[in-house]
Amino acid sequence: MSEVTVKGKAAKAASYQLIGLTTKKKNEALEKIAEQLVNDKESLLIENQKDLEEGRKKGLSESILDRIMLNDARIDDMAAAIKLLMDLKDPIGETLETIEKENGLLIKKLRVPIGVIGMIYEARPNVTIDAATLALKTGNAVLLRGSSSARHSNMALVSSIHKALAKTDIPVEAVQLIEDTSRETAKELFHLNEYLDVLIPRGGKNLIETVIKESTVPVLETGAGNCHIFIDETAEIAMVERVVLNGKTQRPSVCNAIESLLIHENWFKGNGGRLLTLLDDAGIEIFGDEEVCHTFPKAQAATEEDWSNEYLALKISVKIVEDVSEAIEHINQYGTKHSEAILTKAEQNASIFLNKVDAAAVYHNASTRFTDGFEFGYGAEIGISTQKLHARGPMGLPAMTSSKYFIYGQGQIRE
């Protein structure tokens, strides 16, 4: 049997052992993992350095290298996120609905684990920890398949998880990593229906589209982030500068960073030159429409591709619009249904924007950088869903569950 099949089978067997595990036992395992990560920090950084060195030799961009990179602070953040996850309510066993029938039947709908979750993801080794710990907290096993760019890091992280689980009641097979990162293993994962209950892709647009098109395993879609900020006519200049710079520069390589600015024509006439100069001074490459390029000659002419591009770098597209309706129309055409923001004093325009923009997260007078499981209080996230079925937005513990009907009777039969 192939590595994928062997580990998928083992994960399925482990998932049955997780059923009925108490919250206390699960939290004890999470605590062990957090402690092990900190204890193994030195070896984790050594293995991560191998990935970074190989990435530089291959010519990977700085944004991708930033996603791969681990340091003391990021490992500490992983451990802290696990501790927060421990404090969160365990959703398993929660009663969602109770129905008492006239014939005496008692019907209860309860939250239950999904079973085995397959994760296929690119670059970010922190996904290894997020996916594993969220899965364990909700009684799921997980089969991980990271990219070759973070292979050494992922192997080291799963080794730490296994060392921690060996000290607990949870089988180490509950967290499995496919070490072969070839395309063949990915294709095999797409069709592992016998052992996987759901497959979650987390990465760039091409990866996600490939999984959606080729997988026979049910897919829980996470999306790329072509996020916009619309600057309305009444937006305060100080707020605009603060929020836009944060949204673009705080960490440009992540999916909730902004990639496009839409600016009301009247606001642009009074403040556009100042804002574009500020962006340029921050090292941001500007791709603009005709009016933007006329006002700011250093800007490059935007192409159709720029309006839909997820740069994940210090680049931004800028378009001037007539009103909130044109902004909404543009976002719904080019956006990826991730995170969108409006900066305005006009409550009516804010309400129109928030209700009519098709996205998982919509903001009024705030940075899109908050679309994150940790920021939402979930401890960690399995990804940010841009679809509308099962889960949408940052997916924390409830998104990792299914439901099951428990029916209690005293010998009733259907007449």
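Residues numbered from 1 in each chain as written. Predicted model: local features only at pLDDT ≥ 70, side-chain atom pairs only at ≥ 80, totals over all residues. Heavy atoms only, no water.

The condition that has to hold: UniProt positions are given in the numbering used here, feature names are shortened, and annotations may be inferred rather than shown by experiment.
Identification of the protein as Gamma-glutamyl phosphate reductase from Peribacillus simplex is taken from an unreviewed UniProt entry. Recorded in UniProt for the protein, the comment headed Function (unreviewed entry) runs: "Catalyzes the NADPH-dependent reduction of L-glutamate 5-phosphate into L-glutamate 5-semialdehyde and phosphate. The product spontaneously undergoes cyclization to form 1-pyrroline-5-carboxylate." In UniProt, the protein has this text filed under Catalytic activity (unreviewed entry): "L-glutamate 5-semialdehyde + phosphate + NADP(+) = L-glutamyl 5-phosphate + NADPH + H(+)".

### Points about the sheet that holds strand S16 (residues 401-408)
Put simply, the test is: What makes two strands pair is DSSP finding at least two bridges between them. A run of H or I in DSSP becomes a helix once it reaches four residues, and a run of E becomes a strand once it reaches two; helices and strands are each numbered from the N terminus. Note on method: axes are straight lines fitted to C-alpha atoms, helices fitted across the in-contact stretch only, with angles between N-to-C directions ranging 0 to 180 degrees.
The strand order across the open sheet formed by three strands is S1-S2-S16, and the pairing between neighbours is antiparallel. Across the chains shown, the open sheet's two edge strands, defined by having one partner strand only, are strand S1 (95-100) and S16. Going across the sheet, the axis of each strand differs from the next one's by a mean of 20°, ignoring polarity. As paired elements, S1 and strand S2 (residues 106-113) share five bridges and run antiparallel to each other. Within the sheet, the bridge partner assigned to glutamate 97 lies in S2 and is lysine 109.

### Brief notes about the sheet that holds strand S10 (residues 300-301)
Strand pairing in a sheet takes place through backbone hydrogen bonds and is either antiparallel or parallel in direction. What counts is decided by this rule: The contact rule is simple, with two residues in contact once any of their heavy atoms fall within 4.5 Å.
Pairing is parallel in the open sheet, where seven strands are placed in the order S10-S9-S11-S8-S7-S12-S13. Of all the strands in the sheet, just S10 and strand S13 (361-364) have a single pairing partner and so form its edges. Bridge count for strand S7 (residues 227-231) against strand S8 (residues 258-264) is five bridges, and the pairing is parallel. What sits directly across from isoleucine 231, in S8, is isoleucine 263. The sheet contacts of helix H10 (residues 237-249) involve S7, S8, strand S11 (315-321) and strand S12 (339-343), and relative to S8 the element is tilted by about 155°. Packed onto the sheet, helix H11 (residues 265-281) meets S7, S8, strand S9 (285-288) and S11 and runs at close to 145° relative to S8.

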